[in-house]
Amino acid sequence: MPDRLHLLVEGQTEEEVVRLVLSPYLAARGWIVTSSIVRTKQSADARRGGVTSWAKIERDIRMLLGSTKLRVLTTLFDYYGFPADAPGMADRPTGSAADRVRHVERALVAAVGDHRFLPHLILHETETWVFAAGTELAELRWTPELADGLKHDIAAAGGAELINDSPDTAPSKRLIAYCDGYAKVVEGPLAIEDLGIEGLKRQCPHFAGWLTRLEALG
């Protein structure tokens, strides 16, 4: 069985996190790691279309699973803003955010119907991980007071992954408000790289659970 692990990701920020953080970590554990950004347009500029429907994601999933060289296909998509027509989204249970995102992930597995598919939705979005790396981001920006503000938001929410999915107060919107000229594709991945996998796992249990499953498969 091949040891190739492919990560289908939402955009350029996630692609950078894979390149800087996840790929080296997983490669050290025996995986041959590849990645791609989901195609959202049938054009040379396909990566800039935005994920607006499940059909666009499913098309790439099924294309990738057509390869017999692939052992595991996983994903990095934000739970915040995930297409409303995706499996599991319409009948999410009441309860915690973790329960709701796991419900959707299980529904995706059932819909795709391939044992090699291990979806992961980031709770609530990639910028959650940047909040976890708040001290590192503050150091990169030479603004030590930023770390205190991000830690305050984490404490108020009950954890980095629980910073909510409101259009006005989602992690990405907060970072834009807090960080003048924030360059998400550059600064976020660098801060996460400086934090490291173990630091991220300590603060983000949904991420930790997903990574533990990949480690076990490896």
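The structure this text deals with has already been given above.
Here's a quick rundown of the structure. (Residues numbered from 1 in each chain as written. Predicted model: local features only at pLDDT ≥ 70, side-chain atom pairs only at ≥ 80, totals over all residues. Heavy atoms only, no water.)

Here we come to a nonpolar patch on the surface. A grouping of Leu140, Val185, Val186 and Leu190 is seen on the molecular surface, where their side chains present a nonpolar patch of about 270 Å² in accessible area. Looking at which element gives the most residues to the nonpolar patch, the answer is helix α8 (residues 184-195), with 3 residues. Note on placement: Val185 falls in helix α8. Its relative accessible area of 30% is what places Val185 among the partly exposed residues. (Patch = residues over 30% accessible without salt bridge, like charges linked within 9 Å, V, L, I, M, F, W, Y side chains within 5 Å. Areas by Shrake-Rupley, 256 points an atom, 1.4 Å probe, with all protein chains shown as cover. Salt bridge = Lys/Arg side-chain N within 4 Å of Asp/Glu carboxyl O. Helix = DSSP H or I, 4+ residues; strand = E, 2+ residues; numbered from the N terminus. Buried < 20%, exposed > 50% of the residue type's maximum accessible area, 1.4 Å probe, protein only.)

Before going further, it helps to examine the layout of surface pockets. Empty space left among the atoms is revealed by rolling a probe the size of a water molecule over them. Of the voids in this model, the second largest pocket is the one considered here, and its volume is about 180 Å³. If you go around the second largest pocket, the residues you meet are Arg102, Glu105, Arg106, Val109, Pro119, His120, His206, Gly209, Trp210 and Arg213. Every element with two or more residues in the lining of the second largest pocket is listed here: α3 (97-112) and α10 (205-217). Across the lining of the second largest pocket, the residue classes tally to 3 nonpolar, 3 polar and 4 charged. (1 Å grid on protein atoms, 1.4 Å probe; cavity = no way out; pocket = protein on both sides within 12 Å on 5 of 7 lines; lining within 4 Å. Points joined across faces, edges and corners; volume = space filled by probe spheres on them. Nonpolar A, V, L, I, M, F, W, Y, C, P; charged D, E, K, R; others polar.)

What follows covers the pattern of salt bridges. On inspection of all chains with the given rule, the structure shows 12 salt bridges. Notably, a salt bridge pairs Glu187 with Arg141, separated by 2.6 Å at the nearest N-O pair. In this pair, Glu187 is assigned in helix α8 and Arg141 in helix α5 (residues 134-141), connecting sequence segments 46 residues apart. In this structure, a network of salt bridges that share partners links the residues Arg39, Arg59 and Asp60.

Going from Leu123 to His124, the amide bond is cis rather than trans, its omega being -10°. Within the element layout of this structure, His124 appears in the loop between β5 (121-122) and α4 (126-132). Although it is not a glycine, Trp142 sits at a positive phi angle of roughly 55°. Along the chain, Trp142 falls in the loop between α5 and α6 (144-157). On the basis of relative accessible area, Trp142 is assigned to the exposed category, the value being 76%.

A few words on the environment of His115. Along the chain, the position of His115 falls in the loop between α3 and β4 (117-118). Spatially, the C-alpha atoms of His115 and Arg71 are 9.3 Å apart, while their sequence positions differ by 44 residues.

Let us look at the packing of helix α1 (residues 12-27) against α8. To characterise two packed helices, one gives the angle between the axes of the helices and the distance between these axes. With their axes 9 Å apart at the nearest point, α1 and α8 run at an angle of 30° to one another. Helix-helix and strand crossings are classified by hand; for α1 and α8 the assignment is right-handed. Of the residues in α8, those touching α1 at Gln12, Thr13, Glu16, Val17, Leu20 and Val21 are Lys184, Val185, Pro189, Leu190, Ile192 and Glu193. Looking at side-chain class alone, the contact of α1 with α8 contains 7 nonpolar, 2 polar and 3 charged residues. (Axes fitted to C-alpha atoms, helices over the stretch in contact; angles between N-to-C directions. Left-handed = near helix turned anticlockwise from the far one by under 90°. Contact = heavy atoms within 4.5 Å.)

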